[in-house]
Amino acid sequence: MRVFDSLSPVEIAAVLGDDIDTRLLTELTGRDTLSILDELALAHDAIEVDGTHARFTSDGARRQLLKSVPPSRRAAVHAGATRILMAQQTAADVLKQHLDAGTPALTVAERARALVALGDALLRERDLNSARETFLAAVEPARAAGDAVTLSRAALGLGAGTVGFEVQLVDRAQLDLLDEALRALGDRDAGLAAALTARKSIALTYIAPPDERERLARTALENAPDPVTRAHALAALCDAQAGPSHRAERLEMSNEIVGIAHGAADARLELLGRRLRLVAHAESGDFTAVEADVRDYAALVQTLPEPIYAWYVPLWRASRALLDGRLDDCAHLLDSAIRHGESAGSFNCYMLTETLKWCLFSTREDESALRDIVRAMSEYSELWALVARAHVHAQVGDTDRARSLIDAVAPRLPELPFDSEWLPSLAQVAETCERLGQHAVSGWLYDQLLPYADQWVIEGIFAAARGSAHLFLGLAARAKGDPVAAQRHLEEALARHQAAGAPVLAARALALLGVPTKSAAPNEGSGTFTRDGDIWHVGLSGVAAPVRHVKGMSDIAALLRRPHEPVRAVDLIGSTAAPTSGLGPALDEQAKRAYRQRLNELSSLLADADDRGDSRASKALAAEQEALLGELSGAFGIGGRARPKGDAGEKARTAVTARIRDAIKRIEAAQPDVGRHLRLSVKTGISCSYEPERPVHWNLTS
C-alpha cells in the first residue's frame, strides 16, 4: 500500500510510536521486509531492531525525527495504520491511539468502521462500558455515510458482538438500533439481516412474549444464506424455546450449531453451541453427557484468551460437586467461578453463582446465609423473585411470611413466562408447599409439572440441578393430599437420583419416603466387585450387574483393595491384583498424608492435561510424579520390586490410564452409580489410587 513515498521508513516509524511492528511498516510502505530492515539498520543510532519489532533508543531521537514530518502527514500515517489494524485483532489501546491521531485523514465511513473495530477489541478485553460508548459513537458517522452494514455491525456489537455469548437484555438503545439497522439494510445483505433479526429475538427477552421471539428466530432461520448465519439463528431459536417442552429440539439444534461452528473453525460460536447442548443434556438427566460436554468446552476455551468464556467451567464443576455431595469442593469451585466472572464483567456469572450459593447453603442448612439471600432478594419484585423469597422464608422457618407470599402469588403463577426458569420456579413452589403442608395451589401445580415428569429441574445454565421433576411431583402430590401418587413419584425420583450418582438428592428422596438415610445413602456402605471367569459382578448397595473382563477391571480391583494408598502404574501393569504389603515404617503418618495429597493433586492435573491433549504439561507432571515416587520407593512396599527407570513409568502411566478409563466406561454402561463413583474416586497417573469421599466396604472375593 504505497501511500507515503515522501516519507522514509524511519520517519514513519517515528510517527507510529516508540515500539513499532516492522510488519506494519512493510504494509504501510509497500516495500519488502528486507529493504525496510536495511534502512532501519542505517539509523542504528536512533533505532534498535529486534526481530519484528523496532524501538527508538531515546525519546529525544524520536522527537527529532518527528520535526521533519508535518502534522497532515502524521495524520495520514496514523490513518493508514488504522486501516490496516482495524482488519486485524489488534489490542484496543493500539488501535485507539492510531484512530484518534488519524481521524483528520479518515473518511466518515472509515471512521465509522474503525470505531466498530475498536468496539470489538474492547469487547474482547471485556471493557464493556467503553465498548458500548464506542459502538454508540460509530452510529452517527455510519448514518452520515449511509453505511447500513457498519450501522448493523454497531447494533450487533452493542448487544455483545457477533456471536452474542452474553447479550445485554432490557436494553432499549440496543433494540432501537437493531430496528434502525434492519430498516437501513433493506434487502441488501440477507446474512446480516438474518443476524440482526436473530439478535432482536434474544434482546426481546423479558420484553416480548416467547411466541414473538420464536417468530423472529424462525424468520432469521428461513432467511439465513449460509451455515454460520443459520447457526446464529438456531441459537436464537434455542433461547426463544428455552421452556421444558422443547428440550429435544434444543438438543438437536445445539448439535447442529456445534457441527457448523466446528466446520467453520469458529471457536466462539462452537462454545455457544456446546453451552446450549450441555443444558439440554442436564435437563435430560444425562450427566455422563454433561461431563463430556464440560471436558470438551474446557479444552476449547483454552484456545481463547477471553475471560467471558472461562468462568462456566468452574461453575459447572461446582454444580456437579454439589450433586455428588462434595460440598467443600463445590464451595472452592464456586469461588473460582466468581473470580473468573468478575474479571470478565459477566452479569450472567453473578446471577448463576448466586443461585448456586443458594443451593449450597440449602444443602448445608446454613440458616444465616439463607437469611442473607432472602434479604438480597427483597429488592426484586418480579414474580420469579416472589416465588424464590417464599421458598427461602420456608427454608429458614419463617412459615407465616412464606405462606403470605405463596397465597399472594398463587393466582399469578399462570403468568410465569414459559422459559428456562418456568420449571425451577414451579419446583420452588412445590418445595414451599411441602414445608407449609397442604395448599390450594398444589393441585394446579401437580397438573403443570406432570407432562415434564421425565425431565430434571435445572437452574439457569446448569447453575444447579434441583433434582428429577418426579421429586417435585411427589411434593405437590403430598401437598394436595394424594399419598399414593406421592409415593410413586418419590420412588421414581430416588431411582433417577441414584442413577445420576447424586447422593444428596437420593438421600432427600429417601427421607421423604421415610427411609433412614444414614445407612442407605448411595455410594456408602457395601459394594460388590467380584470376578467369575471373564465376567465381573459390580454393584453398590444393591443388585450387581455383569461386566465383561478387560485389563482395567483388574487394575481397579487392585486399587479397591487398598483405599487411599498410591500404587505405581508399573506395578499394576505386572500385578495379579493380589494384596501387597502396606506402607513401610520410613514415613510417619503426617508425611504420608502430605505425599498422598500431592500425588492426588498431580493425578488430577495429569488427567486434565491428558483431556486437553497438552503433551508438554503431561510430561512435566509425569516427571514430577516419577521423582516423588522415587523418594517414596523405600517407604512404600509396593510389590517388593525395583522401580523401573527412564520412560517405563510414563509408558505404564499411559497404558494403565487408558485401560482404567475404558473399564470405568464399561461399568458405567452397566451400573451408572458405580461408574460415577469410580470416576470420581479413582486417580490415575504414574501413581494410581482409590480415594473415596465416603468409606465403601467392597466384596472383592468370588
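Residues numbered from 1 in each chain as written. Predicted model: local features only at pLDDT ≥ 70, side-chain atom pairs only at ≥ 80, totals over all residues. Heavy atoms only, no water.

**Thoughts on the environment of Asp407**
Next, step 1: Considering the arrangement of structural elements, one finds Asp407 in helix α22 (residues 399-409).
Next, step 2: Judged by its relative accessible area of 41%, Asp407 is partly exposed.
Next, step 3: With 17 residues separating them along the chain, Asp407 and Ala390 place their C-alpha atoms 9.7 Å apart. (Helix = DSSP H or I, 4+ residues; strand = E, 2+ residues; numbered from the N terminus. Buried < 20%, exposed > 50% of the residue type's maximum accessible area, 1.4 Å probe, protein only.)

**Describing the confidence of the model for the protein**
For residues with low pLDDT, the predicted coordinates do not support detailed interpretation.
Next, step 1: Per-chain confidence: the protein averages 85 in pLDDT, with 86% of residues scoring 70 or above.
Next, step 2: For the protein, per-element mean pLDDT is lowest for helix α31 (residues 615-632), which scores 61, and highest for strand β4 (residues 456-459), which scores 98.
Next, step 3: The low-confidence segment residues 518-524, where pLDDT is below 50, has 15 contacts with residues more than four positions distant or belonging to other chains. (pLDDT = per-residue confidence, 0-100. Contact = heavy atoms within 4.5 Å.)

**Details of empty space enclosed by the protein**
Next, step 1: Taken as a whole, this structure holds 3 cavities of 30 Å³ or more when the rule is applied.
Next, step 2: There is about 60 Å³ of room inside the largest cavity.
Next, step 3: Residue lining of the largest cavity: Ala242, Gly243, Pro244, Glu283, Asp419, Ser420, Leu423, Pro424, Gln455, Trp456, Val457 and Ile458, and that is the complete set.
Next, step 4: When contributions to the lining of the largest cavity are tallied by element, the ones reaching two or more residues are α23 (422-436) and β4.
Next, step 5: In terms of residue count, β4 provides more of the lining of the largest cavity than any other element does, 3 residues in total. (1 Å grid on protein atoms, 1.4 Å probe; cavity = no way out; pocket = protein on both sides within 12 Å on 5 of 7 lines; lining within 4 Å. Points joined across faces, edges and corners; volume = space filled by probe spheres on them.)

**Focus: helix α3 (residues 33-42)**
Three- or four-residue spacings in an α-helix give side chains the same orientation, since the helix completes a turn every 3.6 residues.
Next, step 1: Listing the buried residues of α3 in full gives Ser35, Ile36 and Leu40. Buried residues of α3, viewed axially, fall in a sector of 135°; they line one side. Exposed residues lying more than 90 degrees from the buried face of α3 are Leu34, Asp38 and Leu42.
Next, step 2: Contact partners of the buried residues in α3: α1 (9-16), α2 (22-29), β2 (47-50) and β3 (53-56). (Arc of directions from axis to C-beta.)

**So, the sheet that holds strand β11 (residues 687-690)**
Next, step 1: Read across the open sheet, the 3 strands follow the order β9-β11-β10; overall the sheet is antiparallel. On the outer flanks of this sheet lie β9 (567-568) and β10 (682-683), each paired with one strand and no other.
Next, step 2: Across 2 bridges, β9 lies against β11 in antiparallel orientation. For Arg568, the partnering residue across the bridge sits in β11 and is Ser687.
Next, step 3: Sitting on the sheet, helix α28 (residues 551-560) is in contact with β9, β10 and β11, with an inclination near 65° to β11. (Pairing = 2+ DSSP bridges. Axes fitted to C-alpha atoms, helices over the stretch in contact; angles between N-to-C directions.)

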